[in-house]
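Read off the chains here:
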Amino acid sequence: MTDRPRSRRTAPRTKPTEPAPGGLTLDVRIQSRRWREVEDLKPRINAAIEAALMLAPVKPSPGAELSLLLTDDKRIRIVNRDWRGFDKATNVLSFPAAPPERIASSPVIGDIVLAFETVAREAEAEEKSFGDHLSHLVIHGLLHLVGEDHETEEQAQRMEALETAALARLGIADPYAGSEPEPMQPRQTAKNQKLQPAS
């Protein structure tokens, strides 16, 4: 993609890039103050990453970088529009840095972007805690980065089973129990491109 906003500010990091579960290097950037209200944010993110990596069929290389951008509906809508062609806010976006066959040797796994308002709205509508829903979305996003997808029914069932098993490790109930799968949207991501978060 060649169109970029003229002015870009880097979102502040919670602290410099640091070791994360699974031997990864985690870079967390917060663009919305609302995320700072989540008391167990860092431990919850780390636990979700660890649970996802334990079950991920493809393992990233030790020290590989994972970037997490914690933003709001306004900013994620811009990213979703510019990178996927959907002009609306969404809960989570994943941007793989390498194809699945190269993840094991890639120094960067990719980027996960989460929008506070959508995560909170969905958690309330589904009568679950914000923290449990956040854990689910971090797991979902990370599984996308290591090659899992849900474009077909078979892929969706496999990915949901991995998510459910990872959540069970955290003591979180199956989010898909008793629900019908939502229709799949075609994926229009620019694969293998590093996300440049919008400001």
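On a predicted model such as this, the values are computed, not experimentally measured, just so you know.

How each quantity is defined
- Residues numbered from 1 in each chain as written.
- Predicted model: local features only at pLDDT ≥ 70, side-chain atom pairs only at ≥ 80, totals over all residues.
- Heavy atoms only, no water.
- Helix = DSSP H or I, 4+ residues; strand = E, 2+ residues; numbered from the N terminus.
- Buried < 20%, exposed > 50% of the residue type's maximum accessible area, 1.4 Å probe, protein only.
- Contact = heavy atoms within 4.5 Å.
- Areas by Shrake-Rupley, 256 points an atom, 1.4 Å probe, with all protein chains shown as cover.
- Salt bridge = Lys/Arg side-chain N within 4 Å of Asp/Glu carboxyl O.
- Phe/Tyr/Trp six-rings, centres within 6.5 Å; stacked < 30°, edge-to-face > 60°.

### Structural notes on the overall build of the chain
Helix and strand counts for the chain stand at six helices and five strands. Its helices and strands in sequence order give the chain the pattern β-β-α-β-α-β-α-β-α-α-α, from N to C terminus. Here the chain, with 199 residues, has 46% of them falling under the buried criterion. Partitioning the intrachain contacts of the chain with sequence separation of at least 6 by distance along the chain shows that 69% fall at a separation of at least 24. In the structure as shown, the chain presents an accessible area of about 10400 Å², 49% of it carried by carbon and sulfur atoms.

### Describing helix α4 (residues 116-125)
Those residues of α4 not exposed but buried are Phe116, Thr118, Val119 and Ala123. Summarising the contacts, the buried residues of α4 are in contact with β3 (65-71), α2 (73-84), β5 (108-115) and α5 (130-145). Backbone geometry just downstream of α4 places glutamate 127 in the positive-phi region, at approximately 55°.

### Points about the pattern of salt bridges
Following the criterion strictly, the structure yields ten salt bridges and no others. With a closest N to O distance of 2.8 Å, glutamate 126 and lysine 128 form a salt bridge. For glutamate 126, a relative accessible area of 41% translates into the label partly exposed. Taken together, the shared-partner salt bridges in this structure form one network comprising Asp40, Arg44 and Asp132.

### Focus: the packing of aromatic side chains
One pass over the structure, following the stated rule, counts four aromatic pairs. On the numbers, 5.6 Å between centres and 75° between planes, the contact of tryptophan 83 with phenylalanine 95 is edge-to-face. One end of the pair, tryptophan 83, is in helix α2; the other, phenylalanine 95, is in strand β4 (residues 92-96), and twelve residues separate them in sequence. Tryptophan 83 sits in the buried class, given a relative accessible area of 15%. Taken together, the ring pairs in this structure connect Trp35, Phe116 and Phe130 into an aromatic cluster.

### Here we look at unusual backbone geometry
The backbone phi angle of glutamate 127 is positive, close to 55°, even though this residue is not glycine. Following the sequence through the fold, glutamate 127 ends up in the loop between α4 and α5.

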